[in-house]
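Residue-level structure breakdown
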Amino acid sequence: MKGLIPIPSGLEERVREAADLIGGVKRIRVVSHYDSDGISSAAVLAGMLKNASKPFQVTMTRSLDAHFIERLKSETNDLVLFSDMGSGQLDLIGGMNTKAVVLDHHRVTEDTDSIVHINPSMWGFNGTTDVSGATTSFLLAQYLDETNWALAPCALAGAYGDMQHLGGYRGINQLVMQKALEKGQIEERLSLSLQGGSALEAIALSAEPYFRGYSGRKDLVADLCSQISVDPGKQFADYTDAEMRRLSSVLILMLASSGCPYEHISQIVSVQHVVKSSGMTISELSSLANACGRSERYSLGLAMELGDGHATIEAKGLRSQYNGRVLERLIALEEGVEQMEHIQCFRSDDASIAGALCGLYMSFIGAKSKPTVAYSLSGDSYKISARGTKQLVEKGLDLASGLSDASGSVGGVGGGHVIASGATVPRDELRKCLGLLDDITGKQVRG
Ligand SMILES: [Mn+2]
């Protein structure tokens, strides 16, 4: 067939099997992961099933465990489509004795014949960089019906949500982008990579990047714009090249002077992919899906990705509420945080944003030489979040083992990744745990 994304024949064989299954059933259940890629995957599948006039129901979940599978078993589904998850649970899914398709890009430990298992990483594509849950789902959608190409922006928003755009799209993601550009569905534009349609919105509401001294302060941003003769309220698309140059120079200087790493600064002006039908960028679609996922408003995220105007406005509201909470705390953190010898820490009353605050503080506000730790009181215990930098990890930092040992010594539990970890400790043991973490971190980074 002409016009299909070229993929290895073994992979295409499985996509065809999945397409045949869909053709032969009535009631279809879609189960997807709850993050930006998962919501985008579900949007691709929902759009595809809508076009095929198949009744369906979508559920997002954090994990696919035996309990969840039991629930699915008790329903009467003709077919279950799992997206952005499932490759690690093939046994459980096979045990449902229902027709099922898994569309995933996570690590594969085994394969199966009992269901249709589609994971491009089994055909040499890198699941971390070349293909996401949403682009895997899109392989099926474009195979089923060419009009499903309208869903390509959702597929790419999923890849973006899994950070696969960094350094340029690759693999299957790149094949989807290339063709969407050729078809004129997506246009490339060199622009500021900030959310919001005007300089005022973009700078004053920006938490990532955070512009020290300006983010969260509309009046100061308006003053700054007038100093460089840029109308703060004008939409980005309407700025002249000269205005854009003045604006981006000032923003780059601001980030550089707060010691922001080059990788963040270099992202400020970059190629944006604009979806022609909506005028939204892929980055914006992904960030709104993320806002919906964070608030557990999954169907809102679906509707937004499928182009519902009201849903888009509501999703923007969710994002600005969240940004508002984060910005308020970041402005307070500009005053400084408690400095210990090898770590820096602060109290955060809102545990749900503590980890994000640590990361943003270290990237855009405070010292980068020590990991940042936030603690939130929750009942009888403190929740602790810690974040490091790549440079610190290169020097030996391992927050997973550090926080696991420090919290374990005081009767708590902790763990995670070398660069980002968390723990819970009894309320009275917080200071002792922080002291231990300070010592361990010192040894790791020196050693
Ligand atoms: Mn994913």
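Conventions we followed
Residues numbered from 1 in each chain as written. Predicted model: local features only at pLDDT ≥ 70, side-chain atom pairs only at ≥ 80, totals over all residues. Heavy atoms only, no water. Buried < 20%, exposed > 50% of the residue type's maximum accessible area, 1.4 Å probe, protein only. Helix = DSSP H or I, 4+ residues; strand = E, 2+ residues; numbered from the N terminus. Pairing = 2+ DSSP bridges. Contact = heavy atoms within 4.5 Å. Lys, Arg positive; Asp, Glu negative; His and termini not counted. Salt bridge = Lys/Arg side-chain N within 4 Å of Asp/Glu carboxyl O. Polar contact = N/O pair within 3.5 Å; in protein donor to acceptor, adjacent residues only side chain to side chain. Donors = N, O, S within 2.8 Å, 3.2 Å for Na, K, Ca; no water. Axes fitted to C-alpha atoms, helices over the stretch in contact; angles between N-to-C directions. Domains from an automatic or database assignment. Buried area = accessible area lost by both parts, 1.4 Å probe.

1. Focus: the pairing of strand β4 (residues 99-103)
Judged by how many residues are buried, β4 sits mostly within the fold: four of five residues are covered. Pairing analysis gives five bridges linking strand β3 (residues 79-83) to β4, with the strands arranged parallel. Counterpart to Leu79 in the pairing with β4 is Lys99. With three bridges joining them, β4 and strand β5 (residues 116-118) adopt parallel strand pairing. For Leu103, the partnering residue across the bridge sits in β5 and is Ile118.

2. Description of helix α13 (residues 298-305)
Counting buried residues in α13 gives six out of eight residues, a clear majority hidden from the surface. Every buried residue belonging to α13 is among Tyr298, Leu300, Gly301, Leu302, Met304 and Glu305, and all of these are buried. The secondary structure elements touched by the buried residues of α13 are α2 (36-51), β2 (56-61), α6 (152-161), α12 (282-294) and α14 (309-333). Taken from the residues just after α13, Gly307 is the one with a positive phi, measuring 95°.

3. So, the side chain of Lys54
Checked against the element boundaries, Lys54 lands in the loop between α2 and β2. One buried charged residue, Lys54, remains without a salt bridge, the closest side chain of opposite sign being Asp78 at 8.1 Å. Of note is the side chain of Lys54, whose polar atom sits 3.1 Å from the backbone oxygen of Ile22. Filtering out sequence-adjacent residues up to four positions away, Lys54 remains in contact with Ile22, Gly23, Val25, Lys26, Ile28 and Leu49.

4. A few points about the side chain of Ser206
The residue Ser206 is located in the loop between α8 (199-204) and α9 (218-227) in this model. Contacts of Ser206, omitting those with residues within four sequence positions, involve Leu194, Glu201, Phe211, Ser215 and Leu327.

5. Overview of the environment of Ser295
By secondary structure assignment, the location of Ser295 is in the loop between α12 and α13. With 124 residues separating them in the primary sequence, Ser295 and Ile419 have C-alpha atoms 25 Å apart. At 2.9 Å, the side chain of Ser295 forms a polar contact with the backbone oxygen of Ala291.

6. Digging into the coordination of the manganese ion
Coordination of the manganese ion by the protein comes from Asp37 (OD), Asp84 (OD), His105 (NE2) and Asp162 (OD), over a distance range of 2.1 to 2.3 Å. When its relative accessible area of 22% is taken as the criterion, Asp162 is described as partly exposed.

7. Describing the environment of Ser401
In this fold, Ser401 is placed in helix α17 (residues 399-408). Overall, the relative accessible area of 29% leaves Ser401 in the partly exposed class. Separated by 14 residues in the primary sequence, Ser401 and Gly415 place their C-alpha atoms 6.5 Å from one another. A polar atom in the side chain of Ser401 sits 3.4 Å from the side chain of Gln444.

8. Re the pattern of salt bridges
Pairing of side chains with opposite charge becomes possible as their charged atoms draw close. In this structure the tally under the stated criterion is 15 salt bridges. Lys234 serves as the salt-bridge partner of Glu243, at 3.1 Å between the closest nitrogen and oxygen. You can call Glu243 buried: its relative accessible area is 11%. Taking relative accessible area as the criterion, Lys234 reaches 25% and is therefore assigned partly exposed.

9. Looking at the sheet that holds β3
Across the sheet, which stays open at both edges, the five strands sit in the order β2-β1-β3-β4-β5 with parallel pairing between neighbours. A strand with exactly one partner marks an edge of an open sheet, and here the two such strands are β2 and β5. Strand-to-strand twist in this sheet, taken as the mean axis angle between neighbours without regard to direction, amounts to 15°. Looking at chain direction, strand β1 (residues 28-33) and β3 are connected through five bridges and run parallel. Bridging from a neighbouring strand, Val31 pairs with Phe82 of β3. Contacting β1, β2, β3 and β4, α2 runs over the sheet at an angle of about 160° to β1.

10. Comments concerning the domain arrangement of the chain
Looking at the chain, the domain boundaries give domain 1 (9-182), domain 2 (190-330) and domain 3 (338-446). Relative to domain 2, the C-alpha centre of domain 1 lies at a distance of 30 Å. Listed per partner, the contact involves 22 residues of domain 1 and 16 residues of domain 2. Between domain 1 and domain 2, the buried area comes to about 1,500 Å², and carbon and sulfur atoms account for 72% of it. In this assembly, domain 1 and domain 2 are joined by one salt bridge. Two residues, Glu296 and Arg62, come together in a salt bridge whose shortest N-O distance is 3.5 Å. The interface formed by domain 1 and domain 2 includes five residue pairs in polar contact (both at pLDDT 80 or more). Broken down by secondary-structure element, the contributors of at least two residues to the side of domain 1 that touches domain 2 are α2, β2, α6 and α7 (171-182).

11. Quick notes on the sheet that holds strand β12 (residues 413-416)
Pairing is mixed across the open sheet formed by six strands, whose spatial order is β8-β9-β10-β11-β13-β12. Across the chains shown, the open sheet's two edge strands, defined by having one partner strand only, are β8 (338-339) and β12. Pairing between β12 and strand β13 (residues 420-426): four bridges, direction antiparallel. Across the sheet, the residue bridging to Gly415 is Gly422, located in β13. Strand contacts of α17: β11 (381-387), β12 and β13, with the helix running at about 5° to β13, the strand carrying the most contacts. The strands touched by helix α18 (residues 430-446) within the sheet are β8, β9 (344-347), β10 (372-378), β11 and β13, with β10 carrying the most contacts at an inclination of about 165°.

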